[in-house]
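Secondary and tertiary structure notes
Given next are the chains, with one letter for each unit.
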Amino acid sequence: MAIELYASIYKEIFPFWNKISESERDFICKNSFLMTYPKGTNIHDGNECSGVILVRSGSLRLYIVSEEGKDITLYRLHKGDLCMLSASCVLNSITFDVIVDAEEDSECCVINGSAFSKTAERNPDIKIFALETAVDRFSDVMWVMQQILFMSMDRRLAIFLSDESTRTGSDTITLTHEQIARYIGSAREVVTRMLKYFANEGITEVSRKGIKILDKKRLRNLAL
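Residues numbered from 1 in each chain as written. Predicted model: local features only at pLDDT ≥ 70, side-chain atom pairs only at ≥ 80, totals over all residues. Heavy atoms only, no water.

**A word on the overall build of the protein**
Threshold: By the criteria applied, helices consist of DSSP H or I runs no shorter than four residues and strands consist of E runs no shorter than two, each listed in order from the N terminus. In this scheme, a residue with accessible area under 20% of its type's maximum is buried, one over 50% is exposed, and one in between is partly exposed, where area comes from a 1.4 Å probe on protein chains only. Any pair of residues with heavy atoms lying within 4.5 Å of one another is described as a contacting pair. Here, Shrake-Rupley sampling with a 1.4 Å probe gives the accessible areas, and only protein chains in the shown set may cover a residue.
Counting its secondary structure elements, the protein contains 8 helices and 11 strands. Looking at the protein as a whole, 45% of its 224 residues are labelled buried. Nonlocal contacts in the protein, meaning residues at least 24 apart in sequence, comprise 69% of its contacts between residues at least 6 apart. Carbon and sulfur atoms provide 50% of the accessible area of the protein, an area that totals close to 11,800 Å².

Pasting the structure below:
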């Protein structure tokens, strides 16, 4: 991808872009790469600085894994979203391992973490942007933890189904029970039982095609 095209992309997403010098903009663009990740690919394993990732298409999942091997989804990234937690060399205060996988075939712009970090050290505006972006995502993480710790299972599932329907613009959620369990920090068996309850109540319908929302109003009421 030409440097000019990277520059046009970054100009739209980075508020600091016009505040740094032309040589620094060129440096960031020259250290950028267009990467294609097939579904299921591990992009960041938490043990290295993979860089700053901008999703151009597809979807990524960020999660943490316990010592027992149980994983909890922190949040998901879609087209236009930016991942800073994969760049530990930029945010030295990140002391826990975040894992990033492609949950769909995805195309991303990746800025070399070391290059981004060097530029940030010379430009407070970049450092502030990186920290603010990370803080915004930590708000998402805290929301996940609040759901797991304090919300009933039916409410958590109702929130997820409502949000997913809004995001995709479809009344049918084409995710497996196992995937949903990972996203909401539960077990597949629990999700299956709760979906059966929703189906018995006429709120959803479960089939091989996915989970179809039949009664949006009742689902929203459960999510409140």
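**Some remarks on the sheet that holds strand β11 (residues 210-213)**
Whether parallel or antiparallel, the strands of a sheet pair through hydrogen bonds between backbone atoms. To be explicit about the condition: Should DSSP find at least two bridges between two strands, the strands are taken to pair.
Overall, antiparallel pairing links the 3 strands, which are arranged β9-β11-β10 in an open sheet. Strands at the two margins of the open sheet, each flanked by one partner only, are β9 (172-173) and β10 (204-207).

**Details of the pattern of salt bridges**
Pairs may arise between side chains of opposite charge once their charged atoms sit close together. How we decide: We define a salt bridge as a side-chain nitrogen of Lys or Arg found within 4 Å of a carboxyl oxygen belonging to Asp or Glu.
Tallying each qualifying case throughout the model produces 13 salt bridges. Between E103 and R76 there is a salt bridge; the shortest N-O distance is 3.0 Å. Linking E103 in the loop between β7 (99-102) and β8 (106-111) with R76 in strand β5 (residues 71-77), this pair joins segments that are 27 residues apart in sequence. Each member of the pair E103 and R76 is classed as buried. A salt bridge links D81 to R137; the nearest nitrogen and oxygen atoms lie 3.8 Å apart. Placement of D81 in the loop between β5 and β6 (82-83) and of R137 in helix α4 (residues 124-150) is noted, with a sequence separation of 56 residues between them. Of the residues examined, D81 reaches a relative accessible area of 22% and is grouped as partly exposed.

**Brief notes about the pairing of β8**
Burial runs high along β8: 5 of the 6 residues are buried. Summarising the sheet, strand β1 (residues 32-37) and β8 pair through 6 bridges and their orientation is antiparallel. Paired with F33 across the bridge in β8 is V110.

**Here's the deal with the sheet that holds strand β2 (residues 42-44)**
What counts is decided by this rule: Structural elements are reduced to axes, namely lines fitted to C-alpha atoms, with helices fitted over the stretch in contact, and the angle between N-to-C directions of any two is expressed from 0 to 180 degrees.
Sheet architecture is open: 4 strands sit in the order β2-β7-β4-β5, paired in antiparallel fashion. Unpaired on one side and paired on the other, β2 and β5 mark the two borders of the sheet. Between one strand and the next, the sheet's axes are offset by a mean angle of 35°, whatever the strand orientation. Sheet topology note: the β2/β7 ladder contains 2 bridges and is antiparallel. Looking across to β7, one finds that H44 is bridged to V100. Sheet strands touched by α4: β4 (60-65) and β5. Its angle to β5, the strand with the most contacts, is close to 140°. Here helix α6 (residues 177-184) sits on the sheet and contacts β4 and β5; the angle it forms with β5, its principal contact strand, is near 90°.

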